[in-house]
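Commentary on secondary and tertiary structure
Okay, here's what each chain looks like letter by letter:
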Amino acid sequence: MRTNWKHNELIVIFILTVTIFLAVFVWGLGLFTDIEEEPYVSEETDRIVVGVSQLGSESGWRTANTESVQSVFTTENGYFLLFSNARQKQENQIKAIRSFISQRVDYIVFAPVVENGWRTVLQEAKEAGIPVIMMDRKVEAADQDLCVSWVGTDSRQEGVKAGRWLEGHLRKEGVTEEEDVNIVVLTGTEGASSAIGRSMGFAEVAHKHANWKILEEKCADFTSAKGKEVMAGFLRKYSDIDVVVSQNDDMTFGAIEAIREAGRTVGVYGEISIISFDAVHDALEMVADGTINVDIECNPNQGEYLSQVISMLEKGQEVEKDYYVEEDIFTIDNVTEEVLQERNY
């Protein structure tokens with residue numbers, strides 16, 4: 001009798017051990033997935049099913065962009081949203097888009113992390129009869145025919161705006177065409193259409209001024225940590241930097257930190273002028289106090305525009321290839337308390 005009891009006890013312990021091991025193993029798999037998995041969508045749903053592949057969450061701007069989308073594609077508005085965070089990896093976006101295709105969603109929305117490498121998966125979506133809408137960034141021109149539309153900001157025009165602001169600023173400061181203006185540029189993720197556009201736009205203006213010397217352009221991946229690292233390198237290499245062009249606010253935050261640690265001053269009352277992009281709340285506070293000279297807005301609130309495009313497609317209406325969201329330019333002269341209070345990102 002005692003032997004049987006011990007035998008049964010060992011069996012129970014073994015079963016519990018195996019159960020716990022399997023539970024931990026399955027839970028652990030979730031820690032290493034790069035894509036947020038969504039439940040299977042029944043074909044009987046009467047809501048519009050939208051699969052969204054966001055490129056990541058690398059900045060405050062990106063978080064606001066995601067919130068804008070999620071706040072629109074809700075059950076209350078007649079949608080069923082499948083959302084995937086690709087964590088800055090193209091392979092994750094491709095995997096997510098193929099998952100959306102297999103689930104037969106009604107529409108696919110995605111913000112491409114880079115411009116190239118999409119033709120195959122976009123062709124698969126087209127063959128499945130699923131309209132694809134680009135958000136924020138674009139794929140390369142040769143593949144844009146595989147997407148029905150795009151909603152976002154005009155990154156090239158943002159670069160032009162930055163260049164034109166610098167023209168006016170230098171005139172106001174009395175800088176002549178005979179005086180060199182030394183510029184360094186912190187660029188965003190390599191291959192990202194937003195980085196490419198801003199570089200192109202600024203270069204269009206810079207090329208008109210022989211005295212604008214772009215000392216160096218270097219990728220800082222749209223992150224604060226990389227922005228600080230790259231800027232610190234610039235400061236060690238160049239002692240006469242006049243202007244920093246930073247292609248998003250997060251990189252700007254890091255760059256300003258590096259400049260101050262090097263004993264230099266920035267902004268309206270400093271040695272180095274700062275041109276930034278995005279115009280998130282924290283950056284606008286720095287514009288208001290003169291730390292950042294100018295911030296070119298890149299509006300992340302694109303959800304409503306996307307919903308309008310889908311609504312038109314649902315009605316069988318033709319849509320434009322490009323829809324630009326409204327944007328502004330901010331300096332110490334127009335960042336009011338009201339602007340700061342209304343800024344939701």
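Above this text is the structure in question.
Report follows, based on the coordinates. Here the structure is a predicted model, which is why all the values come from computation and not from measurement.

So, about the pattern of salt bridges. Applying the stated criterion to the full structure yields 16 salt bridges. In this structure, the salt-bridge partner of arginine 264 is glutamate 271, at a minimum N-O distance of 3.1 Å. The class of glutamate 271 is partly exposed, set by a relative accessible area of 43%. Connected through salt bridges with shared partners, the residues Glu58, Arg62, Asp136 and Arg137 form a single ionic network.

This structure, assessed with the given rule, holds one cavity of 30 Å³ or more. Computed from the structure, the largest cavity encloses a volume of approximately 100 Å³. Along the walls of the largest cavity sit Glu58, Ser59, Trp61, Arg62, Asp136, Arg137, Ser194, Arg198, Phe222, Asn248, Asp278 and Cys298, which together make up its complete lining. Elements with a contribution of two residues or more to the lining of the largest cavity: helix H2 (60-72) and helix H6 (193-206). Partitioned by chemical class, the residues of the lining of the largest cavity number three nonpolar, three polar and six charged.

Let us now look at the sheet that holds strand E6 (residues 181-187). The strand order across the open sheet built from six strands is E7-E6-E8-E9-E10-E12, with neighbouring strands paired in mixed fashion. Across the chains shown, the open sheet's two edge strands, defined by having one partner strand only, are strand E7 (212-219) and strand E12 (329-330). Pairing analysis gives four bridges linking strand E9 (residues 273-278) to strand E10 (residues 294-297), with the strands arranged parallel. Among the inter-strand pairings, serine 276 is bridged to a residue of E10, identified as aspartate 295.

As a further point, take a negative patch on the surface. A grouping of Glu177, Glu178, Glu179, Asp180 and Asp240 is seen on the molecular surface, where their side chains present a negatively charged patch. By the element assignment, aspartate 180 lies in the loop between helix H5 (155-172) and E6. With relative accessibility at 47%, the residue aspartate 180 sits in the partly exposed group.

Okay, helix H9 (residues 281-288) next. Listed in full, the buried residues belonging to H9 are Ala283, Leu284, Met286 and Val287. Axial view of H9: buried residues confined to an arc of 155°, hence all on one face. The inward-facing, buried residues of H9 contact helix H8 (249-261), E10, E12 and helix H11 (337-342).

Quick look at the packing of aromatic side chains now. Applying the stated rule across the entire model yields five aromatic pairs. Judged by centre distance (4.8 Å) and plane angle (75°), the rings of phenylalanine 73 and tyrosine 79 are edge-to-face. Note on tyrosine 79: relative accessible area 5%, which makes it buried. Above the plane of the ring of tryptophan 150 lies lysine 138, whose end atom (NZ or CZ) is 4.5 Å from the centre.

Next up on the list: the sheet that holds strand E4 (residues 132-135). Pairing within the open sheet is parallel, and its six strands lie in the order E2-E1-E3-E4-E5-E11. Whereas interior strands pair on both sides, the edge strands pair on one side only; in this sheet they are strand E2 (79-85) and strand E11 (322-324). Mean inter-strand twist for the sheet, computed between neighbouring axes without regard to direction, equals 20°. The pairing of strand E3 (residues 107-110) with E4 spans three bridges and is parallel.

This part takes up the layout of surface pockets. In this model, the largest pocket occupies a volume close to 480 Å³. Along the wall of the largest pocket there are 19 residues; nearest its centre are Trp165, His169, Glu173, Ser273 and Asn293. The element that contributes the greatest number of residues to the lining of the largest pocket is H5, accounting for four residues. In terms of residue class, the lining of the largest pocket is built from seven nonpolar, six polar and six charged. Quantified by volume, the second largest pocket comes out at close to 230 Å³. What lines the second largest pocket is a set of 18 residues, and nearest its centre among them are Lys138, Ser155, Arg156, Ser193 and Gly197. Elements with a minimum of two residues in the lining of the second largest pocket: H5 and H6.

Quick notes on the rules
- Residues numbered from 1 in each chain as written.
- Predicted model: local features only at pLDDT ≥ 70, side-chain atom pairs only at ≥ 80, totals over all residues.
- Heavy atoms only, no water.
- Salt bridge = Lys/Arg side-chain N within 4 Å of Asp/Glu carboxyl O.
- Buried < 20%, exposed > 50% of the residue type's maximum accessible area, 1.4 Å probe, protein only.
- 1 Å grid on protein atoms, 1.4 Å probe; cavity = no way out; pocket = protein on both sides within 12 Å on 5 of 7 lines; lining within 4 Å.
- Points joined across faces, edges and corners; volume = space filled by probe spheres on them.
- Helix = DSSP H or I, 4+ residues; strand = E, 2+ residues; numbered from the N terminus.
- Nonpolar A, V, L, I, M, F, W, Y, C, P; charged D, E, K, R; others polar.
- Pairing = 2+ DSSP bridges.
- Patch = residues over 30% accessible without salt bridge, like charges linked within 9 Å, V, L, I, M, F, W, Y side chains within 5 Å.
- Areas by Shrake-Rupley, 256 points an atom, 1.4 Å probe, with all protein chains shown as cover.
- Lys, Arg positive; Asp, Glu negative; His and termini not counted.
- Charge placed at Lys NZ, Arg CZ, Asp CG, Glu CD.
- Arc of directions from axis to C-beta.
- Contact = heavy atoms within 4.5 Å.
- Phe/Tyr/Trp six-rings, centres within 6.5 Å; stacked < 30°, edge-to-face > 60°.
- Lys NZ or Arg CZ within 6 Å of the ring centre and 35° of its normal.
- Axes fitted to C-alpha atoms, helices over the stretch in contact; angles between N-to-C directions.

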